[in-house]
Amino acid sequence: MSAGYRCWVATQTDNRVPLAKMTTLRVGGPASEVITCPDADSLIDTVRDLDEAGTPVLLVGGGSNLVVGDDGFDGTVVRIAGTDLDWGDDQVTADAGVNWDALVAQSIERDLGGLECLSGIPGSVGATPVQNVGAYGVEVGSLMRSVQLLDRRTGAVNWVDPGDLELAYRSSRLKRRSDEVVIRVSFRLNADGLSQPIRYGELARTLGVEEGERAPAADVREAVLALRASKGMVLDPDDHDTWSVGSFFTNPIVPQEHLPTVLTRIVDELGDDAKVPQFPAEGGVKMSAGWLIERAGFGRGFPGTDAPARLSTKHSLAVTNRGNARTSDIIDLARQVRDGVHARFGLWLEPEPVLVGCSL
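1. Comments concerning helix α1 (residues 40–53)
For α1, which comprises 14 residues, the first-to-last C-alpha distance of 20 Å matches the rise-based estimate of 20 Å (1.5 Å per residue) to within 8%. Those residues of α1 that sit buried are Ala40, Ser42, Leu43, Ile44, Thr46, Val47, Asp49 and Leu50. With a side-chain oxygen lying 3.3 Å from the backbone nitrogen of Asp41, the N-terminal cap of α1 falls on Asp39. Note on α1: the residue one or two positions beyond its end, Gly54, has a positive phi of about 75°.

This is the structure in structure tokens:
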């Protein structure tokens, strides 16, 4: 392999390189080979060489949005670990392997705003355009300048405008496909040290500002981290509520023409006093998946203290590993929740993480 001298290769003849150690859920079977690429050039060369050899490849960054089956992956895992950063007065370009929250923290240290509402999100920079990561009223797509991609079909490496990525709610053209690999991402930042406009009510109340106002980015980061921690959404190895992929399901978007039928179904089930959280969204109205899950009978901590996989005790959207769960336990619980919401309200919840070797 031409890039091998720049990479770290882990192989075991008994097929026991555990993928569970590479994901925030801490589940997943083995792979026979793991190659760690510490920079962008080695990542490009390694993927090209493996593709030329016809080797199945699984790309892994921070593993925060990945559920791997108990049988593992029959091929080579390429770990994306590049850490190069190129800072400008109002922008930064980061390797795909850069830890996301470390990037946010460094931007705050440099008195640059823009990324603060996305504080505490686990994973790496390379995953952010794939998922169009978002939180507290901000989506990363609104902050991206350009994305460098390796086209595995041709071997070409090009910078792409975010407008060409078909960005949508927690989605892009890159999601659930593997023919393009994120190599680097460039972000625009606020040189005045202020946040993006605060558009999330809970965050605005925490900060004591009106929605639409801006605040010092450092203050917003501190508030976001506190809010996420209260919901078990900041990684802590000692807290099983954080052994998850964050929100397992996306909030469903209901087309306007179907909204009356859905709301009638919910009222029939819960009564006239049911107040369904609704938010404007492209393509219709977004509903709260967490609200639907809890009112379908799946409360925080479901199904109980002895279960290896449970809903978080802090946030009903997170499916968590209580320490000894297998992937099958995670999937069984997620399937039970999904099917239960559909049975009661007629809405299908879609999984947010990428599923490899398993399915709902």
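Picking up after the structure, the text goes on.
2. Observations concerning the sheet that holds strand β14 (residues 253–254)
If you trace the three strands from one edge of the open sheet to the other, you get β14-β16-β15, paired in antiparallel fashion. Each edge of the open sheet carries a strand with a single partner, namely β14 and β15 (278–281). With two bridges joining them, β14 and strand β16 (residues 284–287) adopt antiparallel strand pairing. Paired with Val254 across the bridge in β16 is Val285.

3. Focus on the environment of Lys286
Tracing the chain through its elements places Lys286 in strand β16. Linking Lys286 and Ala318, residues 32 residues apart in sequence, is a C-alpha distance of 18 Å. Discounting residues that sit within four places of it in the chain, Lys286 has contacts with Tyr169, Asn251, Pro252, Ile253, Pro277, Gln278, Phe279 and Ala281.

4. Examining helix α8 (residues 327–345)
When the terminal C-alpha atoms of α8 are compared, their 27 Å separation across 19 residues agrees well with the 27 Å that a helix rising 1.5 Å per residue should span. The secondary structure elements touched by the buried residues of α8 are β5 (66–68), α6 (259–270), α7 (289–295), β17 (309–311) and β18 (319–321). Following α8 by one or two positions, Gly346 adopts a phi angle in the positive range, close to 75°.

5. A look at the nonpolar core
Core analysis: the largest hydrophobic core is formed by 53 residues, its most contacted members being Trp100, Leu103, Phe187 and Leu203. When sequence neighbours within four positions are dropped, the list of residues in contact with Leu103 reads Leu85, Trp87, Val92, Ala94, Val98, Leu115, Val125 and Phe187.

6. As for the pattern of salt bridges
Taken as a whole, this structure holds 19 salt bridges when the rule is applied. Of the charged contacts, one joins Asp51 and Arg152 as a salt bridge, the two residues approaching to 2.6 Å between their closest N and O atoms. Taken together, the positions of Asp51 in helix α1 and Arg152 in the loop between β11 (144–151) and β12 (157–160) put the pair 101 residues apart, joining distant regions of the chain. Taken together, the salt bridges that share partners define one network made up of Asp151, Arg153, Arg173, Arg177, Asp179 and Glu180.

7. Topic: unusual backbone geometry
Pro303 follows Phe302 through a cis peptide bond whose omega is 5°. Mapping Pro303 onto the fold places it in the loop between α7 and β17. The phi torsion at Asp111 lies on the positive side, around 60°, for a residue other than glycine. One non-glycine residue, Asn132, adopts positive backbone phi at about 45°. Secondary-structure assignment places Asn132 in the loop between α3 (127–131) and β9 (134–135).

8. Thoughts on the sheet that holds strand β8 (residues 91–95)
As summarised here, the arrangement of the five strands in space is β7-β8-β13-β11-β12, forming an open sheet in which the pairing is antiparallel. Two strands bound the open sheet, and with one partner strand each, they are β7 (85–87) and β12. This sheet shows a mean twist of 15° between the axes of neighbouring strands, independent of strand direction. The pairing of β7 with β8 spans three bridges and is antiparallel. Counterpart to Asp86 in the pairing with β8 is Thr93. Against the sheet, α1 contacts β8, β11, β12 and β13 (180–188), and its axis sits at roughly 155° relative to β13. Its contacts with the sheet put helix α2 (residues 100–109) on β7, β8 and β13, and the angle it makes with β7 is roughly 25°.

9. Here's the deal with the environment of Ile266
Within the fold, Ile266 resides in helix α6. Since its relative accessible area comes to 0%, Ile266 is described here as buried. Measuring from C-alpha to C-alpha, the distance between Ile266 and Val276 comes to 8.3 Å, with 10 residues separating the pair along the chain. Non-local contacts of Ile266, meaning those with residues more than four positions away in its chain, are made with Gly271, Ala274, Val276, Met287, Trp291, Leu292 and Phe345.

Rules behind the numbers
- Residues numbered from 1 in each chain as written.
- Predicted model: local features only at pLDDT ≥ 70, side-chain atom pairs only at ≥ 80, totals over all residues.
- Heavy atoms only, no water.
- Helix = DSSP H or I, 4+ residues; strand = E, 2+ residues; numbered from the N terminus.
- Expected span 1.5 Å × (residues − 1).
- Buried < 20%, exposed > 50% of the residue type's maximum accessible area, 1.4 Å probe, protein only.
- Polar contact = N/O pair within 3.5 Å; in protein donor to acceptor, adjacent residues only side chain to side chain.
- Pairing = 2+ DSSP bridges.
- Contact = heavy atoms within 4.5 Å.
- Core = buried A, V, L, I, M, F, W, Y, C linked by side-chain atoms within 4.5 Å.
- Salt bridge = Lys/Arg side-chain N within 4 Å of Asp/Glu carboxyl O.
- Axes fitted to C-alpha atoms, helices over the stretch in contact; angles between N-to-C directions.

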